[in-house]
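Residue-level structure breakdown
Residues per chain are reported as follows:
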Protein chains: 2
Amino acid sequence: MTRREEIVDVAERLLERGGPEAVTMRRLADELGIQAPSLYKHVAGKPEIEAALQQRALQRLAAALEAAPDLPSLAAAYRRWALRHPRLYEIATRLPLARERLAPGVEAAAAAPLLRVTGGDLTAARALWGLAHGLVDLELAGRFPPGADLDAVWTHAMAARVAAGPGPGVTG
Amino acid sequence: MTRREEIVDVAERLLERGGPEAVTMRRLADELGIQAPSLYKHVAGKPEIEAALQQRALQRLAAALEAAPDLPSLAAAYRRWALRHPRLYEIATRLPLARERLAPGVEAAAAAPLLRVTGGDLTAARALWGLAHGLVDLELAGRFPPGADLDAVWTHAMAARVAAGPGPGVTG
DNA sequence: CTCGTTTGGCTAACGCTGTTAGCCAAGACG
DNA sequence: CGTCTTGGCTAACAGCGTTAGCCAAACGAG
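Per an unreviewed UniProt entry, the recorded name for chain A is Transcriptional regulator, TetR family, and the organism is Micromonospora chaiyaphumensis.

Structure (structure tokens):
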């Protein structure tokens, strides 16, 4: 394991434990038993670490969605993963996507499960993504009133999507 | 106009011009011709300023949605406002809602237009909100590939919602 | 074996952040 | 007239990301 990977590992631990503001260069260095400036021998700066975390989060999310056979179970898997890894989910979706730092194929791999349940319809997949992301994002931000029945909301929302079926762009 | 209102006004200007990281206590003070510590004579701290901005953003958003007669025009108004005021939208939805600092009625006023177009169905209104917010949030974060036809996505998504109709919770 | 280069640490420092403590002048008021 | 409140001020602190510059150990070539 390279020192760089080690750094990203520690960053992920710090992120999951203490949220984004717990990931500081000095704390990172502390955990590794070195001084903060030494991190720059392995990493260009904090944005690079964040991009690495973002890529890792996308891969984890994609893996969690891979096995879902249909739309309802995909929706459930999406929500479950996000609620279990709220910080990773946040960094995966809130940060502007650093496409130039992303390993090729990562974005596509994350999109694949969504595309699969919409039968390859890009437009429908994006709408579905927006729906799932919006519900999760609002829930994580504590925006729904306490006591709101979010299970019912998800059921309702996904029923609507099933009723709509694939959009006009489907070919296969 | 109290000094406090003046501070929030300046904060809003700074936010819209330079994004969240442009809103610093020292810049705020500079714009007002005073020193940063003097701000604390009028305001408890930065979180209070952010909460005030959040409240203001919610009120603006609510006002922008008020006139929409039906679901499609509501969706269009929602997206239009968010794209025109991305920083305000961000602070309105990304920050955990500081309910204890919020003037009573603000949250309800923001929710009202959504509830109206779902015929009072809370579950449907929340699903609709999740959908609209998710699409806007992903678009603002630059998460859709460049060139994605987002108009089509919105049309598709809203058609699905119309097809679903009001959920089981509607009474009047 | 030895010399030069690269690797990966270090300390000191800069400019920025939010925030606190403490001082002081002007205005309000009994 | 004296006292209290209001709203400024300066100095300072801890923490942030980051840069510059130094240095010892490891490595590779002749």
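**Here we look at the protein's contact with DNA strand D**
As a matter of local geometry, DNA strand D sits amid 19 residues, with Met 25, Arg 26, Tyr 40 and Lys 46 of chain A together with Gln 35 of chain B nearest to it. Among atoms of DNA strand D positioned within 4 Å of the protein, sugar and phosphate together represent 46%. Note that a phosphate oxygen of DNA strand D is positioned 2.8 Å from one of the side-chain N or O atoms of Tyr 40 of chain A. Measuring from a phosphate oxygen of DNA strand D, one finds a side-chain N or O atom of His 42 of chain B at 2.9 Å. Mapped onto the surface near DNA strand D, the elements with two or more residues apiece are α2 (25-32) and α3 (46-66) of chain A. Take the surface near DNA strand D: its biggest share by element is 3 residues, from α2 of chain A. Along the lines of polarity and charge, the residues of the surface near DNA strand D split into 7 nonpolar, 6 polar and 6 charged.

**Remarks on the pattern of salt bridges**
Evaluation of the coordinates by the stated rule reveals 22 salt bridges over all chains. Of the charged contacts, one joins Asp 9 of chain A and Arg 56 of chain A as a salt bridge, the two residues approaching to 2.6 Å between their closest N and O atoms. Placement of the pair is Asp 9 of chain A in helix α1 (residues 3-18) and Arg 56 of chain A in helix α3, with a sequence separation of 47 residues. Of the residues examined, Asp 9 of chain A reaches a relative accessible area of 30% and is grouped as partly exposed. With a relative accessible area of 17%, Arg 56 of chain A lands in the buried category. Between Arg 94 of chain B and Glu 90 of chain B there is a salt bridge, with the nearest N and O atoms lying 3.9 Å from each other. A residue is classified by how much of its surface remains accessible, and Arg 94 of chain B, at 16% relative accessible area, is buried. Taken together, the salt bridges that share partners define one network made up of Asp 9, Glu 12, Arg 56 and Arg 60 of chain A.

Reading the values: the criteria
- Think of each chain on its own: its residues are numbered from 1, step by step along the sequence as written.
- Chains and ligands are labelled by the order in which they are written, letters from A for the one and numbers from 1 for the other.
- Two thresholds apply to this predicted model, a pLDDT of at least 70 for residue-level local features and 80 or more for giving and counting side-chain atom pairs, whereas whole-chain, interface and lining totals are computed over all residues.
- Working from all heavy atoms in the structure, the side-chain values ignore hydrogens and water.
- Think of it this way: one heavy atom of a residue within 4 Å of a molecule or strand is enough to make that residue near it.
- Polar contact criterion, stated in full: a pair of N or O atoms within 3.5 Å, where within protein one must be able to donate a hydrogen and the other to accept it, and residues adjacent in sequence count only if both atoms are side-chain atoms.
- Secondary structure elements follow DSSP: runs of H or I no shorter than four residues count as helices, runs of E no shorter than two count as strands, and numbering proceeds from the N terminus.
- Gly falls in the polar group here, along with every residue not listed as nonpolar (Ala, Val, Leu, Ile, Met, Phe, Trp, Tyr, Cys, Pro) or charged (Asp, Glu, Lys, Arg).
- We count a salt bridge whenever a side-chain nitrogen from Lys or Arg sits within 4 Å of a carboxyl oxygen from Asp or Glu.
- Per-residue accessibility, obtained with a 1.4 Å probe over protein chains only, is compared with the maximum for each type, and a residue is labelled buried under 20%, exposed over 50%, and partly exposed between these values.

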